[in-house]
Amino acid sequence: MILRRFFILCAAGLFLAACTAAPSADVAWPAVTQTSKPWTRWWWHGSSVTPAGITAALEAYRDAGLGGVEITPIYGVAGYEDAFVPYLSDEWVDLLIHTLREADRLGLGVDMATGTGWPFGGPHVDDASASRYATHATYRLREGQRLATPVVARQTPILRAVGNQIYELTSGIYGPTGQPAVDESRQRSPSDHLTISDLAEPVTANENLQALALDQVRYDRPMPLAALVAYSDAGDRIDLTGSVDAAGRLDWTAPAGEWTLYAVFQGWHGKMVERAAPGGEGMVIDHFSESAIDRYLAPFDEAFAGRDLGSLRAFFNDSYEVDDASGQADWTPDFFDAFREHRGYDLRDHLPALFGEGDEDEAIRVLTDYRETFSDLLLERFTARWSGWAHGHGAIVRNQAHGSPANILDLYAASDIPETEGTDILRAKMASSAANVSGKPLSSSESATWLNEHFLSSLGDVRKALELFWLAGVNHVLYHGTAYSPAEAAWPGWLFYAAVHMTPVNPLWTDFPALNAYASRVQSFLQMGTPDNDVLLYYPFHDRIARRGREMLAHFDGGLGVGFEGMPFKEAAEWMQAEGVAFDFVSDRLLERVSVADHVLLAGNARYQTLVVPAVQFMPPATLEHIALLVESGATVVVAGALPADVPGWGELEGRRAERARILAQFDFTPTPAAGVSEAALGAGRLVLADRLEDGLTYAGIRRETLPEHGLAFVRRKQASGTTYFVVNTGTAAVDGWVPFGVADRYAALFDPLLATLGVADTREAADGGLEVYLQIPPGSSRIVQTSAGAPRGAGYPYYQRDDVMVALGSAWQVAFTAGGPERPEPVRVDALTLSSWTEWDMPALERFSGTAVYSQTFPRPSRQADAWLLDLGDVRVAARVRLNGEELAVLIGPEWQVMIPPGKLKDENLLEVEVTNLMANRIADMDRRGEVWKTFYNVNIAARLRENRNERGLFDASAWAPLRSGLLGPVTLVPLTNGHQ
């Protein structure tokens, strides 16, 4: 105990020494780095890449403002079979080395998936390394009886394959030369599905695995016996595993009493690598086995031997996704031994309880221990071991832990860059919390995976997705993604089946740099300093795994939906998120790293004001003891609702309960003046027990930002000179007024990261002595507010008030179509007062056109006087580049379609050009209506997100789509602006 206290105090001193205040500085954007730029997942279809193609692609990505790529090889393209490069072959590694060299030359970073598709697996994963599952059977005997039934089990065969793979297409798939790309003899009609009897064993013995697109293969085979244990009605137990011969005959006569025999059999789960590239097809590994991960990584060691991978930043692991198949991978061959090592007792003594029979309390506790052991194994034997292997190759790891049957906070924390995905802000906070608490500078996101249906996502949609991750504390976004496509591939080129298609053939690529510049500016702030959250929220892992559910393992996708319903923890997280209390999640294991100095909780490089423990049922005594130590060392801990009611698990139950009682006995609670709040002092700290979380936090003096009351979502980071807020107006009304910020600083700088506007903000002291900043933020827009104790140096931020009078631009627009296809329409003259979608202009070519049009007109300087002018484009579909008199004012990607014309920019006569780009959708829909073949991919071959966009063959089909509105829709007006604000 004394040594632990000493560690807590010393760690605090080191942290405080690093936080010495710095003087105020000039208002300026931070330097943009390779890491502050967004990266992209780079899909290599069939690994059919060439050195020249790699160089050309990387140059295009650099020019678009990307900071790096993550190489993930996937399924191939029909017609390019001769260009397939087997994964990890010498040729493939040569291509990797070329990529690293070229990326280094271009200033780009490179990560690579540790495999093809996902999860880890491939042709070298044999039965000894493949994922396992368990099943059980029971037999009943009386005294003197022998078991006549053999103790055997066979796997029920399973074959699951992707439903729209090439072998189901009977015609229409052609290569570049017009010849059939797939041998007709290897194709099957949709009514003639593959069956398990069609496959050879092992699965790697089958030809054309790319076309078969297998997702799960479980053969009809006997299942090895893992244990046979007899239990009597008197409570006796006999392990009979060694009494069963190879044929399953049990040599045993039941002694006195009634006996139930439990047999546990282990089978092969059969999960295959999803979306595997050529040479990467095969079974998924057993994630709970050290030998399995070691054997899996051995071919990488062999392939990389003697090669220079020094500039490879990270190896990547996609989300767990083993159990999105039939059954679960819920076993590993040495599980009984591993369980005894981790939990301290023999699981074979409690098989009835494990399978939900007998005393309910024992059953839940044994199941909890079973699940926690798998959580430990996934951390120790997979995540940590893979990470150590990567470090041995001079690289770090990026890891998606969600989906795992484990405490994902611990898995994330064991990663160098924890990575999340999805559209749930609390889910994303799992990865950023683990990074913050464990002191990792970056947390990343797989971004814009499925925003809308294919070809319907705008840059504004992607921007909104990125902002959600940033608000969740993520500071390193990666798009999902960009497919390599050779120059000779016909439009729309090679595409991934589930993505927003950030590729150079997308018409929006011309404006993609604007989105990337915006992301770079935001992330340049979010990668500075340290997290500035006030609360650590205890994550009740044991409560979650004590909920039985329908399956043996409990999976954690990161969200607080499935499994957390009705828990005070979920209510606490949602309330704090909505009410402006900044927090991170913390697990039992991560809490052990937390120390105290000057009444502040220290974790990683972050400082927290309190730990919140919502009413939990189960808490390990070690966690409770550490909480007591934190309190004794000066921390304030808030318990909302009730103290932990019990300890989890079965082993040494009464001893652990006694330890819990001993620890809690240290706290003598007395009422406080606050209703529903009592307090217990211990050492230099206090434990606050509150009926309601809100009252407990108020009593503990924890700040609550009022930004959400103004419709503003935020994330906060701390620098030596002050605090940085990234705020987004998530409401429907513009913010135009004084907004309080929960800091003691007196000054602020203000930044618009989309339009790159900056300056010294107008500030004032609030009634409560805090800081108020004047903000003008339209709905959907964002700002960065950087507070400081000293006055920042620089010009004032440009505030303007709009006049109620608008000046319409009434002359006609000349519209020239400058890029896109399938053909370029002729120039058009349209009336400015009746602007509409170009798909409505009675020109059939425009209904199928995807690309860019330049709207231009000349207009005189308005007669009205104004300090500046706001150009309002009205409505744009879906991106606009605005030029005035040949000078670019802005690239607008939405949801704002306004740009300020600075003073002095208007002349007597002015040329306004608005370059508008639409989506790929109209051209794709026309191709589908015409029956043009563009879906030429193995495996999923472009899957529809929505059922209504799926044809009879299971393929995505846009032929029924009406043309989407496109172009400059207006009305376009000039709004006079007056300097200043209300």
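Relevant structure appears above.
Let us look at the structure shown here. Everything numeric in this text was worked out from a predicted model, so none of it was measured. (Residues numbered from 1 in each chain as written. Predicted model: local features only at pLDDT ≥ 70, side-chain atom pairs only at ≥ 80, totals over all residues. Heavy atoms only, no water.)

**Section: the packing of helix α10 (residues 425-438) against helix α14 (residues 568-579)**
Working step 1: Their axes nearest at 11 Å, the elements α10 and α14 cross at an angle of 95°. With respect to α14, the axis of α10 lies roughly perpendicular. Here Ile425, Leu426, Lys429 and Met430 of α10 lie close against α14, whose contacting residues are Phe569, Ala573, Glu574 and Gln577.
Working step 2: A class-by-class count of the residues in the contact of α10 with α14 yields five nonpolar, one polar and two charged. (Axes fitted to C-alpha atoms, helices over the stretch in contact; angles between N-to-C directions. Helix = DSSP H or I, 4+ residues; strand = E, 2+ residues; numbered from the N terminus. Parallel < 35°, antiparallel > 145°, perpendicular 65-115°, else oblique. Contact = heavy atoms within 4.5 Å. Nonpolar A, V, L, I, M, F, W, Y, C, P; charged D, E, K, R; others polar.)

**Some details on helix α11 (residues 459-471)**
Note on helix geometry: an α-helix contains 3.6 residues per turn, so any two residues three or four positions apart are oriented the same way.
Working step 1: The first and last C-alpha atoms of α11 sit 18 Å apart over 13 residues, in line with the 18 Å expected at 1.5 Å per residue.
Working step 2: Three or more residues of α11 are buried, namely Leu459, Gly460, Val462, Arg463, Ala465, Leu466, Glu467, Phe469, Trp470 and Leu471.
Working step 3: Its side-chain oxygen 3.3 Å from the backbone nitrogen of Gly460, Ser458 forms the N-cap of α11.
Working step 4: Count one or two residues on from α11 and you reach Gly473, which has phi positive near 100°. (Expected span 1.5 Å × (residues − 1). Buried < 20%, exposed > 50% of the residue type's maximum accessible area, 1.4 Å probe, protein only. Polar contact = N/O pair within 3.5 Å; in protein donor to acceptor, adjacent residues only side chain to side chain.)

**Things to note about the pairing of strand β16 (residues 476-483)**
Working step 1: Counting buried positions along β16 yields eight of eight residues, so the element is predominantly enclosed.
Working step 2: Pairing of strand β1 (residues 39-45) with β16 involves four bridges; the strand directions are parallel. Along β16, the bridge assignment pairs Thr40 with Tyr479.
Working step 3: Of the pairings in the sheet, the one linking strand β15 (residues 444-447) to β16 comprises four bridges and is parallel in character. Opposite Glu446, over in β16, you have Leu478 as the bridge partner.
Working step 4: At this point the chain moves from β15, through α11, to the parallel β16, and the crossover so formed is right-handed. (Pairing = 2+ DSSP bridges. Right-handed = clockwise from strand over helix to strand, strands pointing away.)

**Side note on the pattern of salt bridges**
Working step 1: Counted according to the given criterion, the structure contains 69 salt bridges.
Working step 2: For the salt bridge of Glu290 with Arg385, the shortest nitrogen-to-oxygen distance reads 3.8 Å. With a gap of 95 residues between them, Glu290 in helix α5 (residues 290-304) and Arg385 in helix α8 (residues 360-392) connect regions that are remote in the sequence.
Working step 3: Of the residues examined, Glu290 reaches a relative accessible area of 35% and is grouped as partly exposed.
Working step 4: Among the ionic pairs, Arg861 bridges to Asp908, the shortest N-O distance being 3.1 Å. Highlighted residues: Arg861 in the loop between β40 (850-860) and β41 (868-872) and Asp908 in the loop between β45 (898-901) and β46 (909-917), separated in sequence by 47 residues.
Working step 5: A relative accessible area of 40% places Arg861 in the partly exposed class.
Working step 6: Judged by its relative accessible area of 57%, Asp908 is exposed.
Working step 7: Salt bridges sharing common partners tie together Arg41, Glu70, Asp111, Arg313, Asp318, Arg398, Glu419 and Glu446. (Salt bridge = Lys/Arg side-chain N within 4 Å of Asp/Glu carboxyl O.)

**Considering the sheet that holds strand β23 (residues 610-614)**
Working step 1: Taken together, the seven strands give an open sheet; going across it, the order is β19-β18-β23-β24-β27-β26-β25, and neighbouring strands pair in mixed fashion. Of all strands in the sheet, those with a lone pairing partner are β19 (583-586) and β25 (670-671), marking the two edges.
Working step 2: One ladder, built from two bridges, connects β25 with strand β26 (residues 677-682); its direction is antiparallel. By the bridge assignment for β26, Pro671 is matched with Ser678.
Working step 3: Those strands touched by α10 are β18 (535-538) and β19, and its axis lies near 80° from that of β19.
Working step 4: Packing of helix α16 (residues 621-632) onto the sheet brings it into contact with β18, β23, β24 (636-640), β26 and β27 (685-690), and relative to β27 it is tilted by some 120°.

**Thoughts on the pairing of β45**
Working step 1: In β45, alternate side chains face the same way, and those of Val899 and Ile901 are buried while those of Gln898 and Met900 on the opposite face are not.
Working step 2: Pairing between β41 and β45: four bridges, direction antiparallel. Paired with Leu871 across the bridge in β45 is Val899.

**Remarks on the environment of Gly280**
Working step 1: Residue placement: Gly280 occurs in the loop between β10 (258-268) and β11 (283-284).
Working step 2: Using a relative accessible area of 3% as the deciding quantity, one classes Gly280 as buried.
Working step 3: It is 18 Å that separates the C-alpha atoms of Gly280 and Leu199, two residues lying 81 residues apart in sequence.
Working step 4: Non-local contacts of Gly280, meaning those with residues more than four positions away in its chain, are made with Tyr87, Thr116, Gly121, Gly122, Pro123 and Val273.

**What about α14?**
Working step 1: Between its terminal C-alpha atoms α14 stretches 16 Å, which fits the 16 Å expected from twelve residues at 1.5 Å a residue.
Working step 2: Listing the buried residues of α14 in full gives Phe569, Lys570, Ala572, Ala573 and Met576. All buried residues of α14 project into a common sector of 165° when viewed along the axis, lining one side.
Working step 3: Contacts made by the buried residues of α14 are with α10, β18, β19, β23 and α18 (693-699).
Working step 4: Count one or two residues on from α14 and you reach Gly580, which has phi positive near 85°. (Arc of directions from axis to C-beta.)

**Some details on the side chain of Asp872**
Working step 1: Looking at the secondary structure, you find Asp872 in strand β41.
Working step 2: Lacking a salt bridge, the buried Asp872 has Arg802 as its closest oppositely charged neighbour, with an N-O distance of 4.2 Å.
Working step 3: Contact partners of Asp872, with chain neighbours within four places excluded, come to Arg802, Trp897, Gln898, Pro971, Val972 and Thr973. (Lys, Arg positive; Asp, Glu negative; His and termini not counted.)

**Details of the side chain of Thr482**
Working step 1: On the secondary structure map, Thr482 appears in strand β16.
Working step 2: Of note is the side chain of Thr482, whose polar atom sits 2.7 Å from the backbone oxygen of Met502.
Working step 3: Setting aside chain neighbours within four positions, we find Thr482 in contact with Thr40, Arg41, Trp42, Trp43, Tyr61, Met502 and Thr503.

**Quick notes on the environment of Leu687**
Working step 1: Relative to the helices and strands, Leu687 is located in strand β27.
Working step 2: Between the alpha carbons of Leu687 and Tyr539 there is a distance of 18 Å; along the sequence they are 148 residues apart.
Working step 3: If we skip the residues at most four places from it in the chain, Leu687 touches Val631, Val637, Val639, Leu643, Phe667, Phe669, Ser678, Glu679 and Ala680.

**Focus: the packing of α11 against helix α12 (residues 512-526)**
Pairs of packed helices are described in terms of their axes, by the angle between the two and the distance that separates them.
Working step 1: With their axes 11 Å apart at the nearest point, α11 and α12 run at an angle of 10° to one another. The angle between the axes of α11 and α12 places the two elements in the roughly parallel class. Side by side, α11 and α12 meet where Leu459, Val462, Arg463, Leu466, Glu467 and Trp470 of the first sit next to Phe512, Leu515, Tyr518, Ala519, Val522, Gln523 and Leu526 of the second.
Working step 2: Here the residues of the contact of α11 with α12 are counted per class, giving ten nonpolar, one polar and two charged.

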